[in-house]
Amino acid sequence: MTAILTPGATTLAQLRAIWAEGRATRLDPSAHPRIAAAAEVVAQAAAGDAPVYGVNTGFGKLASVRIAAKDTAALQRNLVLSHCCGVGEPLDIATTRLMLVLKLLSLGRGASGVAMETVTLLERMLEAGVTPVIPSQGSVGASGDLAPLAHMAAAMIGAGEAIHGGARLPAAEALARAGLTPAVLGPKEGLALINGTQFSTACALVGLWGGWENAAASVVTGGLSTDAIMGSTAPLRDAIHTLRGHAGQIVFARAQRALMAGSEIRASHREGDSRVQDPYCIRCQAQVTGAAMELLHVAARSLEIEANAVTDNPLVLIEEGAIVSGGNFHAEPVGFAADQIAVALSEIGAIAQRRVALMVDPALSYDLPPFLTPDPGLNSGLMIAEVTTAALMSENKHLANPCTTDSTPTSANQEDHVSMAAHAARRLGRMNANLNVILGVEAIGAAQGIGFRAPLRTSAPLQTVIETLRAEVPELAGDRYLAPSIEAVAAMVAEGRLTAPVDLPAYVRGGTE
């Protein structure tokens, strides 16, 4: 089913569904009059004598060079082709399609001056499954994501490459197979297409959604680990968290307390337990991971605004009949959001890894066997699985260093401060994949630990999670080739299958209460 989006009022939930389901997308017809009105303002400027940036002038440092009317079409085509300087692995198809949708939303606000035919071509490419090949490196996040978006625009004019029907083809051939005609760009259209933050924003959104899957999984794996080491649920009491007041902390504690309710393991050591307090990785889960969830919500709000924003330059102010240069292409808000997400992912993984380390250490795990194997010595159990989580935790810590603080001047110092939002956002995919593994290994270890507490059982919700895990990852009775099990459980975390059997608050999964 085709998604109909209203520019300026599209939600992250709508965009997530489009991304996940690969849905075709069109603008609500109510957007069409503003698109046409802005195009008319550009047409009048192109026919006039006054210099207007991007319409009848050069670009960037060459903005003072006047372009003759007969050369305006060549100007736009040259702009697109000259900016196709991206390198690296191609962006995946789902994220590329999301980038096209975001560009559609931006153009649909009616401040970019493109022709309706150009908007329609984007819609038809999404519908027909013509996906430009977008190299993933080359943007500094100002003046927008120039190189990646140039590769998108190149496919629209029949240059470059595109994916269609599972084949990587010359863009002109891909368009022809889909029954589409390449665009001939008019004044300002090339600039409107390549200028903007849609590459960075698409990558950041995908990173955010992956972060939500990991955050939800951490509520579950942390609960499993708490029962595995016979930890206390007293630190989850509501009064503790309401006294502090942070929403993420409060919701996390309530969610994990509900998951653990009814655990025979927990009931068995309420009396006579010589331990007074658990280590912070158990006791402070709500304070750490709850705070990370709250940070994800802050980033989500920024990215929802950006997804609906007009971020090319210059902008067409149709009420004033003016074309004005500004700086909305600067992706600093996206870079900040990506940096926030990175910090949240790093901290979720840091505290989860300490829970893994706790469970495999017989000095701290409250009578669990070393490395969670029934025959330690002959078997090494999860010894090196824990080392793997430590390696990935450390890698994520390095990746979490801010990208937005690293600016460098470009374009002969015309663009003398840039956001670095593109790789700030791209790194989130790698960080989420690392965190999938950390939480997956935690799930394996916690399920193993809970098994050693038999005949006592964990709570009904957590037992359901263990059964879901066991359908793909068998119990570790003796040493075996573990890599496939780690890969399987990481996929379960990434795809939300580990948390699917349990009821979690909407806030934990990225929604609102």
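Preceding this paragraph is the structure being described.
Rules behind the numbers
- Residues numbered from 1 in each chain as written.
- Predicted model: local features only at pLDDT ≥ 70, side-chain atom pairs only at ≥ 80, totals over all residues.
- Heavy atoms only, no water.
- Helix = DSSP H or I, 4+ residues; strand = E, 2+ residues; numbered from the N terminus.
- Expected span 1.5 Å × (residues − 1).
- Buried < 20%, exposed > 50% of the residue type's maximum accessible area, 1.4 Å probe, protein only.
- Contact = heavy atoms within 4.5 Å.
- Phe/Tyr/Trp six-rings, centres within 6.5 Å; stacked < 30°, edge-to-face > 60°.
- 1 Å grid on protein atoms, 1.4 Å probe; cavity = no way out; pocket = protein on both sides within 12 Å on 5 of 7 lines; lining within 4 Å.
- Points joined across faces, edges and corners; volume = space filled by probe spheres on them.
- Nonpolar A, V, L, I, M, F, W, Y, C, P; charged D, E, K, R; others polar.

Caption draft 1: Main features of helix α19 (residues 483-494). For α19, with 12 residues, the first-to-last C-alpha span of 16 Å sits near the 16 Å given by 1.5 Å per residue. Within α19 the residues assigned to the buried category are S485, I486, A488, V489, A490, M492 and V493. Contacts from the buried residues of α19 go to α9 (198-228), α16 (383-399), α17 (421-451) and α18 (460-470). Backbone geometry just downstream of α19 places G496 in the positive-phi region, at approximately 80°.

Caption draft 2: Structural context of the packing of aromatic side chains. Evaluation of the coordinates by the stated rule reveals 1 aromatic pair. Relative to W209, the ring of W19 lies with its centre 5.1 Å away and its plane at 40°, an arrangement referred to as tilted. Here W19 is found in helix α1 (residues 12-21), whereas its partner W209 is found in helix α9, with 190 residues between them in sequence. For W209, a relative accessible area of 3% corresponds to the buried category.

Caption draft 3: Region of interest: empty space enclosed by the protein. On inspection of all chains with the given rule, the structure shows 1 cavity of 30 Å³ or more. A volume near 60 Å³ is recorded for the largest cavity. Breaking the lining of the largest cavity down by element, the ones donating at least two residues are α13 (280-283) and α14 (285-307). Broken down by element, the lining of the largest cavity gets its largest block of residues, 3 residues, from α14. Of the residues belonging to the lining of the largest cavity, the class tally is 5 nonpolar, 6 polar and 1 charged.

Caption draft 4: Up close: unusual backbone geometry. Across the junction of N313 and P314, the peptide omega takes the value -5°, indicating a cis bond. Mapped onto the elements of the fold, P314 is located in the loop between α14 and β8 (315-317). Residue A454 is joined to P455 through a cis peptide bond whose omega torsion reads 10°. Here P455 lies in the loop between α17 and α18. Notably, M230 is not glycine yet its phi reads approximately 55°, a positive angle. Within the secondary structure layout, M230 lies in the loop between α9 and α10 (238-244). For M230, a relative accessible area of 10% gives the class buried. If you check the backbone angles, Y366 has positive phi at about 60° while not being a glycine. Here Y366 lies in the loop between α15 (332-360) and α16. The exposure class of Y366 is partly exposed, given its relative accessible area of 25%.

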